[in-house]
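Structure at a glance
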Amino acid sequence: MENRVAVMSIIVENTDSVERINALLHDNGEYIIGRMGLPYRERHINIICIAMDAPQDVISALSGKIGALPGVSVKTAYSVRR
C-alpha cells in the first residue's frame, strides 16, 4: 500500500490517557515525521500534533486507537497528493 502524508491533531482532556498515547506513538515511531506537544495549563488540556508518512491503514488504525481512549479527541487530515 502506498504511503500518505497526514497530520493528526490530538486533544487530551484526561491525563490518565497520556501514557497510552505515548506508547502508541512510540509503536508507530517509524512513520512519524515530527511531533509537537503543547500543555495548555489554563484549560487543563494537552494538544499534540503529529506529522506522519505512512500507509493509510496505519494512520487510520492509530487515529482510531488514540480516539478510543477516554478523554481524547483526534482528527486527521491527509495530503491530497498520493
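Let me sum up the structure you'll find in this document. (Residues numbered from 1 in each chain as written. Predicted model: local features only at pLDDT ≥ 70, side-chain atom pairs only at ≥ 80, totals over all residues. Heavy atoms only, no water.)

1. Concerning the environment of V72
Along the polypeptide, V72 turns up in strand β4 (residues 72-78). By relative accessible area, V72 is classed as buried at 9%. Separated by 52 residues in the primary sequence, V72 and R20 place their C-alpha atoms 11 Å from one another. The contact partners of V72, leaving out residues within four places of it in the chain, are I10, I11, V12, S17, I21, I66 and G67. (Helix = DSSP H or I, 4+ residues; strand = E, 2+ residues; numbered from the N terminus. Buried < 20%, exposed > 50% of the residue type's maximum accessible area, 1.4 Å probe, protein only. Contact = heavy atoms within 4.5 Å.)

2. Structural notes on the sheet that holds strand β2 (residues 32-40)
Taken in spatial order, the four strands of this open sheet run β2-β3-β1-β4, and their pairing is antiparallel. This sheet does not close on itself; its edge strands, each paired only once, are β2 and β4. Averaged over neighbouring strand pairs, the angle between their axes works out to 15° when direction is ignored. In this structure, strand β1 (residues 3-12) lies alongside strand β3 (residues 45-55), joined through ten bridges in antiparallel fashion. By the bridge assignment, A6 is partnered in β3 with M52. (Pairing = 2+ DSSP bridges. Axes fitted to C-alpha atoms, helices over the stretch in contact; angles between N-to-C directions.)

3. Structural notes on helix α2 (residues 56-67)
In this model, α2 (twelve residues) spans 16 Å end to end at C-alpha, consistent with the 16 Å of a helix rising 1.5 Å per residue. Those residues of α2 not exposed but buried are V58, I59, L62, S63 and I66. All buried residues of α2 lie within an arc of 130° about the axis, which places them on one face of the element. Where α2 is buried, its residues meet β1, α1 (18-27), β3 and β4. (Expected span 1.5 Å × (residues − 1). Arc of directions from axis to C-beta.)

4. Quick notes on unusual backbone geometry
A positive phi angle, close to 60°, is found at H44, a residue other than glycine. Examined against the element boundaries, H44 turns out to sit in the loop between β2 and β3. Classification of H44 as exposed rests on a relative accessible area of 64%.

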